[in-house]
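The chain contents come next:
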Amino acid sequence: MKYDKNGALIECSIPGVPQKSGKVRDIFDLGDSLLMVVTDRISAFDVILPCGVPDKGKVLNQFSLFWMEFFGMKNHLITADVDEYPEILQPYKEDLRGRSMLVKKVEMVEVECIARGYLTGSGWKEYQRYGTVNGEKLREGYDNASQLDEVLFTPTTKAAIGDHDEAINYEQTEKLVGVEMARQLKFTTIDLYSRAAAYAREHGIIIADTKFEFGRDSDGSLILADEVLTPDSSRFWPEASYKVGSNPPSLDKQYVRDWLESINFNHQPPGPELPDEVIAKTREIYVKAYEELSGKKLV
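Predicted model only: the values in this text are computed from it and were never measured.

Draft legend 1. Structural context of the side chain of Gln-62. Secondary-structure assignment places Gln-62 in helix 1 (residues 56-71). For Gln-62, the residues in contact, after removing those within four places along its chain, are Gly-98, Tyr-290, Leu-298 and Val-299.

Set out below in structure tokens:
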């Protein structure tokens, strides 16, 4: 395990266990199961920065655990209790505590499932140019950050690390995964988003959009997998500062992106070291989002 000077976990390795690493997550193959570890690495503009944000990984992991319990849908979780992990992991359990979960191996569905309740980001840009989102025609009169008349299902392909996902329409989704699976994905994505968004509004937070990933369980049924409604996979806006026509401040790494833009970062690696005050503020934003939404203190 490697921590940076601020105590952020930026590298995770377990001798003798095969490993794959993404921008934030390290996944270890234990044979009949996987260990998912959420590090404190942070990326912006597809560039992994050299420093981490302490406890960011714990926030993301515990967000996923919270929503899995909230939904009650079949998911890939075996346990997040490090004391129940296999013997080979026990020497590392304090490093893994709060930021990891043991999960079932599932066959992942080939699309990322995005639900949009508000018009923002790439959807707003497309709407301004063509009056569409993911090729679907919308009515006139929307502004930036407007709430949509109905929740949109806007799937994308799954891109390799470093590449960008590509938007696909519903017909393309049917061709990719089949008619029945496409129907299930759309219904489930909109249902989960709508339930979470209603809950969040009661806690003063707007979920503008989010991304879900699903797998097929051993019996072929749909199963919720990967991260669930975290600040890295969603846009969380404080309701108190929400205003149609402008981008509300997000409870995520937008603070980091804004700082990088202020120094004219060219969006190419290597990324710069973040100032301590930017790291501290970003940690505060992540922890606040979790504690306000879940009603729990961060472990």
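Draft legend 2. Summary view of the pattern of salt bridges. Going through the model one piece at a time under the given rule, you end up with 27 salt bridges. Among the salt bridges present, the one from Lys-104 reaches Asp-217, with a minimum N-O distance of 3.4 Å. Residue Lys-104 is located in strand 9 (residues 100-104), and its partner Asp-217 is located in the loop between strand 16 (205-216) and strand 17 (222-225); the two are separated by 113 residues in the primary sequence. On the accessibility criterion, Lys-104 (29% relative accessible area) is partly exposed. For Asp-217, a relative accessible area of 14% translates into the label buried. Linking Glu-239 and Arg-201 is a salt bridge whose minimum nitrogen-to-oxygen distance equals 2.8 Å.

Draft legend 3. Region of interest: the nonpolar core. Counting 51 residues, the largest nonpolar core has Trp-67, Phe-71, Leu-185, Phe-212 and Phe-214 as its most contacted members. Considering every element that reaches this core, the biggest residue donor is helix 5 (residues 179-202), with 9 residues. Those residues in contact with Phe-214, other than ones at most four positions away along the chain, are Met-73, Met-108, Val-109, Cys-113, Leu-185, Thr-188, Thr-189, Leu-192, Leu-222, Ile-223, Leu-224 and Ala-225. In this structure, Ala-44, Cys-51, Leu-274 and Val-278 belong to the second largest nonpolar core, which totals 12 residues.

Draft legend 4. Structural view of the packing of helix 6 (residues 254-262) against helix 7 (residues 276-294). Axis separation between helix 6 and helix 7 bottoms out at 9 Å; the angle between their running directions is 155°. Comparing the axis directions of helix 6 and helix 7 gives the class roughly antiparallel. In this structure, helix 6 uses Tyr-255, Val-256 and Trp-259 to contact helix 7, whose residues at the interface are Val-278, Lys-281, Thr-282 and Ile-285. Class assignment of the residues belonging to the contact of helix 6 with helix 7 gives a composition of 5 nonpolar, 1 polar and 1 charged.

Draft legend 5. Representation of the sheet that holds strand 8 (residues 77-79) within the structure. Pairing is antiparallel in the open sheet, where 5 strands are placed in the order 3-4-5-9-8. Unpaired on one side and paired on the other, strand 3 (19-21) and strand 8 mark the two borders of the sheet. Strand-to-strand twist in this sheet, taken as the mean axis angle between neighbours without regard to direction, amounts to 30°. Note that strand 8 and strand 9 share 2 bridges and pair antiparallel. Pairing of Leu-77 across the sheet is with Val-103, part of strand 9.

Thresholds applied
Residues numbered from 1 in each chain as written. Predicted model: local features only at pLDDT ≥ 70, side-chain atom pairs only at ≥ 80, totals over all residues. Heavy atoms only, no water. Helix = DSSP H or I, 4+ residues; strand = E, 2+ residues; numbered from the N terminus. Contact = heavy atoms within 4.5 Å. Salt bridge = Lys/Arg side-chain N within 4 Å of Asp/Glu carboxyl O. Buried < 20%, exposed > 50% of the residue type's maximum accessible area, 1.4 Å probe, protein only. Core = buried A, V, L, I, M, F, W, Y, C linked by side-chain atoms within 4.5 Å. Axes fitted to C-alpha atoms, helices over the stretch in contact; angles between N-to-C directions. Parallel < 35°, antiparallel > 145°, perpendicular 65-115°, else oblique. Nonpolar A, V, L, I, M, F, W, Y, C, P; charged D, E, K, R; others polar. Pairing = 2+ DSSP bridges.

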